[in-house]
Amino acid sequence: MNKKILCAITLILTLNSVCFAGEGNNLRTLFLNNQTNICAVNIRNFNAKDTNGNEIIDEDEICGNFLNAVERLDELKKLNINVLHVLPITPVGRLKALGTAGSVYAAENFWSINPQLVDKNSELTDIEQARRFIDECHKRGIRVIIDLPSCGAYDLFLTHPELFIKDSRQCSIVPTDWTDVRLLQTGTNKRLNQDLIDTHKKFIDLILSIGADGLRADVATIKPANFWVEIIKYTRSKDPQFLFLAEASDSWREPPSVYAEFTPYDKLLQAGFDGYYGSFFNLKDWNAEEFIEHVKFNQKLLSSYKEPKSAILSFTTHDEVSPVLLHGENFSIMISWLNATLPFNPYCIDGFFTGDTYLYQWANTKAPKSETDDDYYFVHRGKIDLFNFSRKPGGDNENILKNFKNANQFRRENLELITKGSFNTLKSDNPSVFAYSRSLKNSVVIVIGNLDFKNPQNGISIKCTNINKKTSIKVLAGNDNIKLVRRNIHTDMNPGEIKVIKLINQN
């Protein structure tokens, strides 16, 4: 075939993919109605083949890629996951890098696919392989969010310095302790950097061309609100259902560098983001009152906008230490049931549901070989590996997995109650114990949790007006050492225990 004709056909197919990428997409509607159940995955290790069991993918083994990732989709579908948050798929920098493969958040560019995620034995192109993965997700009713890194790699600074902030010596800026990335020059609300706007539009075109349904903006706070207004407007003109999720928290008060812009969470929501993280990751440090107040704060905040907004339940993310390491098995179980019963969107990271501690036997040791200028297996202790070719997330905690399955099944079967039902705080006589009810029509579910992860709390009394003489209970999670006395629930709580109780009122 004539090369000019072939190029023309390829261009038409690519443009059609961009124009029709959002066809059938309903992710934004699902998210705004709190009907998503999101799992974050790192394709590079998602289905890596560690045949010798040393937890690193050696030269003769196969790392995770778009094509072998398809093998795990049915597993996630059975767990009632309906959205994947795919960590960055852009090429990674190899200079001044961290880890032997480079951080997935150190973007070497924003307009192509990371070759590390491509099966080199396939005849499909990188774009076709990425599209095949997303198509297979869609066949299973799973929507896909692609992560947008907030910064650029040093490699990108060398080739495109116009995209970066420079100090008085014309050197690039390292934000906070993110030593493998450099701060992008976004400009200000009054004068944006058009070069960076155009670069991000290329990223949007890329992920639309492979069929993505949404975007998660890494550290969205370090770009001006008007930057996001323009990017969101550009994207929504192509796909009105495209979701924009901001990594932002109401507890973040300042930027990671004096050179960076800072746009707080509420301004990001005003700029067009559909949702944000909140500060649910602080549950590990909260008492009962602080937790309940944050739920109420988010309900009030998200209802204050003219356009619908929502949040993810960011109890555990790739930036958080494994819940098992933080507070043991019960903390993971608590997170699963909070995800299932709170009026926001559940969220977890790959390996959470099997109790992975993300402790790698080779962590931070010298490597025999590296694809970057770092010859150490750099990792963050207790966090999913973002820096090396490592094993797929694992863990073998059957109790955590059982509760994760049960919680997600409960949520699916009671979706109207969870998404539309009222949220009512129940009074507890113990500062370590929270309690709330979810009710809709004649359905009532009570959730009680002990945020003291070291000590049991005994003789707890919870006042509940939904109880009468004919009320009985069905215990969905936790021990069944519960007594109903008049309008009170009496129980003892193990350290970190959560109880989920369904009230059954006999007419």
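Just above sits the structure.
Residues numbered from 1 in each chain as written. Predicted model: local features only at pLDDT ≥ 70, side-chain atom pairs only at ≥ 80, totals over all residues. Heavy atoms only, no water.

### Here we look at a negative patch on the surface
On the surface, Asp285, Glu289, Glu290 and Glu293 cluster together into a patch of negative charge. Note on placement: Glu289 falls in helix α11 (residues 288-302). (Patch = residues over 30% accessible without salt bridge, like charges linked within 9 Å, V, L, I, M, F, W, Y side chains within 5 Å. Areas by Shrake-Rupley, 256 points an atom, 1.4 Å probe, with all protein chains shown as cover. Salt bridge = Lys/Arg side-chain N within 4 Å of Asp/Glu carboxyl O. Lys, Arg positive; Asp, Glu negative; His and termini not counted. Charge placed at Lys NZ, Arg CZ, Asp CG, Glu CD. Helix = DSSP H or I, 4+ residues; strand = E, 2+ residues; numbered from the N terminus.)

### Considering empty space enclosed by the protein
For the structure shown, the criterion picks out two cavities of 30 Å³ or more. In this model, the largest cavity occupies a volume close to 40 Å³. Along its surface, the largest cavity is lined by Asn37, Ile38, Ser336, Asn339, Pro346, Tyr347, Cys348, Phe404 and Asn408. Those elements giving two or more residues to the lining of the largest cavity turn out to be α13 (329-341), β10 (347-349) and α14 (398-413). By residue class, the composition of the lining of the largest cavity is five nonpolar, four polar and no charged. (1 Å grid on protein atoms, 1.4 Å probe; cavity = no way out; pocket = protein on both sides within 12 Å on 5 of 7 lines; lining within 4 Å. Points joined across faces, edges and corners; volume = space filled by probe spheres on them. Nonpolar A, V, L, I, M, F, W, Y, C, P; charged D, E, K, R; others polar.)

### A short note on the pairing of strand β2 (residues 83-86)
Judged by which residues are buried, β2 turns out to be covered on both faces: Val83 and His85 on one side and Leu84 and Val86 on the other are all buried. Following the backbone out of β2, through helix α6 (residues 126-139) and into the adjacent parallel strand β3 (residues 143-148), one traces a crossover that is right-handed. (Buried < 20%, exposed > 50% of the residue type's maximum accessible area, 1.4 Å probe, protein only. Right-handed = clockwise from strand over helix to strand, strands pointing away.)

### Considering helix α8 (residues 194-209)
Helical geometry: 3.6 residues make up each α-helical turn, so side chains three or four residues apart lie on a common side. In a regular helix each residue adds 1.5 Å, so 16 residues correspond to 22 Å; α8 covers 22 Å between its end C-alpha atoms and thus fits that length. Taken together, the buried positions of α8 are Leu196, Ile197, Thr199, His200, Lys201, Phe203, Ile204, Leu206, Ile207, Leu208 and Ser209. The backbone nitrogen of Asp195 lies 3.1 Å from a side-chain oxygen of the residue at the head of α8, namely Asn193. Phi for Gly211, located one or two positions after α8, is positive at around 95°. (Expected span 1.5 Å × (residues − 1). Polar contact = N/O pair within 3.5 Å; in protein donor to acceptor, adjacent residues only side chain to side chain.)

### Comments concerning α13
Relative to the 18 Å expected for 13 residues at 1.5 Å per residue, α13 spans 19 Å between its end C-alpha atoms, a close match to the ideal helical length. Those residues of α13 lying buried are Phe331, Ser332, Ile333, Met334, Ile335, Ser336, Trp337, Leu338, Asn339, Ala340 and Thr341.

### Details of the packing of α8 against helix α9 (residues 225-236)
With their axes 10 Å apart at the nearest point, α8 and α9 run at an angle of 35° to one another. Crossing angle aside, the handedness with which α8 passes α9 is right-handed. Where α8 abuts α9, its residues Gln194, Leu196, Ile197, His200, Lys201, Ile204 and Asp205 lie against Phe227, Glu230, Ile231, Tyr234 and Thr235. (Axes fitted to C-alpha atoms, helices over the stretch in contact; angles between N-to-C directions. Left-handed = near helix turned anticlockwise from the far one by under 90°. Contact = heavy atoms within 4.5 Å.)

### Comments concerning the sheet that holds strand β16 (residues 482-485)
Across the sheet, which stays open at both edges, the three strands sit in the order β14-β17-β16 with antiparallel pairing between neighbours. Of all the strands in the sheet, the pair left with one neighbour each is β14 (457-463) and β16. Sheet twist, expressed as the mean angle between neighbouring strand axes with direction ignored, is 20°. The sheet contact formed by β14 and strand β17 (residues 488-493) spans five bridges and is antiparallel. Considered in β17, the bridge of Ile460 is made with Thr491. (Pairing = 2+ DSSP bridges.)

### Section: the sheet that holds β10
One open sheet holds the eight strands; their spatial order is β9-β8-β7-β6-β3-β2-β1-β10, and the pairing between them is parallel. What marks the edges here is a single partner per strand, and that holds for β9 (310-311) and β10. With four bridges joining them, strand β6 (residues 214-217) and strand β7 (residues 243-246) adopt parallel strand pairing. Across the sheet, the residue bridging to Arg216 is Leu245, located in β7.

### As for the pattern of salt bridges
Applying the stated criterion to the full structure yields 22 salt bridges. Between Arg140 and Asp74 there is a salt bridge whose closest N-O contact spans 2.7 Å. Here Asp74 lies in helix α5 (residues 73-78) and Arg140 lies in the loop between α6 and β3, a separation of 66 residues in the sequence. With relative accessibility at 19%, the residue Arg140 sits in the buried group. Looking at Asp74, the relative accessible area reads 40%, which means it is partly exposed. A salt bridge links Asp375 to Lys366, with the nearest nitrogen and oxygen atoms 2.5 Å apart. Under the relative-accessibility criterion, Asp375 is labelled partly exposed at 33%.

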